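Here is what each chain is made of, one letter per residue.
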There are 2 protein chains.
Amino acid sequence: MAEKVRIAVDAMGGDHAPLEIVRGAVEAVSERDRIEVILVGLSEQVEAELAKYTYPKGRIQVVHASEVIATEEPPVMAIRKKKNSSIVVAMNMVKNGEADAFVSAGSSGAILVGGQLIVGRIKGIERPPLAPLIPTSKGVSLLIDCGANVDARPSHLVQFAKMGSIYMENVIGKKNPTVAIVNIGAEEEKGNALVKDTFPLLKNCSDINFIGSIEAREIPNGYADVIVCEAFVGNVILKLYEGVGSVFKTMLMQGLMSTTRSKIGALLVKPAVKKTLKSFDASEYGGAPLLGLKGLVVKTHGSSKAKEIKNSIIQCITFKEQQINEKIKKNLIQDEV
Amino acid sequence: MAEKVRIAVDAMGGDHAPLEIVRGAVEAVSERDRIEVILVGLSEQVEAELAKYTYPKGRIQVVHASEVIATEEPPVMAIRKKKNSSIVVAMNMVKNGEADAFVSAGSSGAILVGGQLIVGRIKGIERPPLAPLIPTSKGVSLLIDCGANVDARPSHLVQFAKMGSIYMENVIGKKNPTVAIVNIGAEEEKGNALVKDTFPLLKNCSDINFIGSIEAREIPNGYADVIVCEAFVGNVILKLYEGVGSVFKTMLMQGLMSTTRSKIGALLVKPAVKKTLKSFDASEYGGAPLLGLKGLVVKTHGSSKAKEIKNSIIQCITFKEQQINEKIKKNLIQDEV
């Protein structure tokens, strides 16, 4: 029988905690045999929620954490001071081997800081990137880095390209994934100083399938599987993706409701339009891993509901099964010694 | 009677030259009395196109330019070597006061380089930004800078904010336009080094309506009228806007055609959906001015058709009428002396 995967889940993180988080945990253990969830948070609240459901007992455990880190708190301070927060308690469980992974919809900043300070980087990894999947017309691409550590160096971007390739190949199942660097033109001589310095380094990597520059226009077409950029640019791409999609949806709905004729038509097109919009919704694709740490940390969207929490929890099975961290150590670190 | 506005138009620039360019010029002079167009390019081709139309003679003139700069040519070399190209000939007309403005759908790089080398910067302007209007759910915002000069300094961004405010207020008619800087969080302490250094400078500008940071997610909502960023980030925003919009449209159309039911509904919703998609189409809003030059240079999309060319030409009237360059000189340069 396959090994169990123990996942600590931040029961207090995100806009819909603990309600949707608890429901997501229940759905995850009901759907997959191999998962054990440890819900970390204010135990009274969490247990009250949990009492609403029927689920395989013994596969969800509650661990008390008396503090909560709010989204707007300065992350470094929060991680250092709030030793009993759900994020710090859960990350310590990952560090001590009591959990294989940690999933949270809480403060991005605190998760990024905690990942580095508590779970710790794999030796040789200069900077752990946050790597969400974004929907494209062909499926999904990995956008790496969207974290909080801006002003990256070329060597960081090279590590991102390698870690992203390993993740895309082993977790998402894309063989020999294509890698491109975000640029403002297709030619090698284009770009800012960082891109110009990074381009030849990527070109010389024998262990990735580097296909050159990608202009932002081509990202939604699925032109590359792994999209490398520094965190400021990645953050802009990720959030603009959400923003344009959301405004587009709202305006489309208003358009459909604008005339009697279109209202009648709207009833007929609704199922098809809904399906289309859904396939382009980032929340369908689970959380974003923080790669290069000694354990797995997954950040899901602050607005996550049960389904996204469930997907993020289930995602952790493949990560462990495919021994992503071992592959990162082997492929990246030996390279560089 | 109001003064004439003489606009040199690159008859050879863009994917649909000279056909759509000539048509756009004819439509512009037919629609507005004050415009005189000088079509610059291979005169035989241009005159053959022009012969197809009826228009007020004497208000369109053809000036021969024997060379054409292609999009893929290295811009600095192209501007220096091709003295008889439509871009160089037309820019010299602006420089020598034979034209008030230049409109081109040709090579962005060549237009940016030519603008600086031939037309020249207003004394004291450190870097001329390219500033397109982008559609939002509330109307339009000015995205400044989307040019080719990356790795900007804080003082550049401050000038962008001021020039963008003048343009938005006087050309677009937005009183006291709000200004925000693109950032990865709302708080002042967030951002990369450039944004952190620029933020306090913008905060201290008494002549702009600075409202702080804008996250990319809020751009399509029209959260700010003038969106300040360095060119690499601006380019990513502009192109991703186009890319997400275009993939969304394609997927929506596929969705509408996917079932018999939705096909019938599609016939009914088509006019309303078309109107919605159109309001979110950047090409509706004319070209992007290259601000801070001694004359007006407007870059329109390479795929521009007659309508966009016409809109870009008409836009030049307001620019001249509102004496934008004089206002830039007065507001920016005296400030800094």
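Structure shown above.
Small disclaimer: the values here were computed from a predicted structure and weren't measured. (Residues numbered from 1 in each chain as written. Chains lettered and ligands numbered in written order. Predicted model: local features only at pLDDT ≥ 70, side-chain atom pairs only at ≥ 80, totals over all residues. Heavy atoms only, no water.)

1. Describing the interface of chain B and chain A
Of the residues lining the interface, 52 residues belong to chain B; the matching set on chain A comes to 52 residues. When residues of chain B are sorted by the area they lose upon contact with chain A, Ile184, Phe232 and Phe248 of chain B head the list and together hold 15% of the total. Joining chain B to chain A, the criterion identifies four salt bridges. Across the pair Arg217 of chain A and Glu242 of chain B runs a salt bridge whose closest N-O atoms are separated by 2.9 Å. Where chain B meets chain A, there are 12 residue pairs in polar contact (both at pLDDT 80 or more). Sorting the residues of the side of chain B that touches chain A by element identifies α7 (193-203), α8 (231-256) and α9 (260-279) of chain B as the ones contributing at least two each. Ranked by residue count, the leading element in the side of chain B that touches chain A is α8 of chain B, at 19 residues. When the residues that make up the side of chain B that touches chain A are grouped by side-chain class, the tally is 30 nonpolar, 15 polar and seven charged. (Contact = heavy atoms within 4.5 Å. Buried area = accessible area lost by both parts, 1.4 Å probe. Salt bridge = Lys/Arg side-chain N within 4 Å of Asp/Glu carboxyl O. Polar contact = N/O pair within 3.5 Å; in protein donor to acceptor, adjacent residues only side chain to side chain. Helix = DSSP H or I, 4+ residues; strand = E, 2+ residues; numbered from the N terminus. Nonpolar A, V, L, I, M, F, W, Y, C, P; charged D, E, K, R; others polar.)

2. Brief notes about the pairing of strand β4 (residues 101-104) of chain A
Residue and element names in this part refer to chain A. Burial along β4 is two-sided: the residues Ala101 and Val103 and Phe102 and Ser104 are all buried. Here three bridges tie strand β1 (residues 5-10) to β4, and the two strands are oriented parallel to one another. Residue pairing across strands places Val9 opposite Val103, the latter belonging to β4. The sheet contact formed by β4 and strand β11 (residues 296-299) spans four bridges and is parallel. Along β11, the bridge assignment pairs Ser104 with Lys299. (Buried < 20%, exposed > 50% of the residue type's maximum accessible area, 1.4 Å probe, protein only. Pairing = 2+ DSSP bridges.)

3. Focus on the packing of aromatic side chains
Here the structure, examined in full by the defined rule, presents five aromatic pairs over all chains. With a centroid separation of 5.2 Å and 75 degrees between ring planes, the pair formed by Phe199 of chain A and Phe210 of chain A is classed as edge-to-face. Of this pair, Phe199 of chain A sits in helix α7 (residues 193-203) while Phe210 of chain A sits in strand β8 (residues 209-215), and the two are 11 residues apart along the sequence. Comparing Phe199 of chain A with Phe210 of chain A shows no difference in burial state: the two are buried. Plain terms: the ring middles of Phe248 of chain A and Phe248 of chain B are 4.4 Å apart, the flat faces sit at 55 degrees to each other, and that makes the pair tilted. Of this pair, Phe248 of chain A sits in helix α8 (residues 231-256) while Phe248 of chain B sits in helix α8, on two different chains. Here Phe248 of chain A and Phe248 of chain B have matching classes, each one buried. (Phe/Tyr/Trp six-rings, centres within 6.5 Å; stacked < 30°, edge-to-face > 60°.)

So far we have only geometry, and geometry alone does not tell us how the molecule works.
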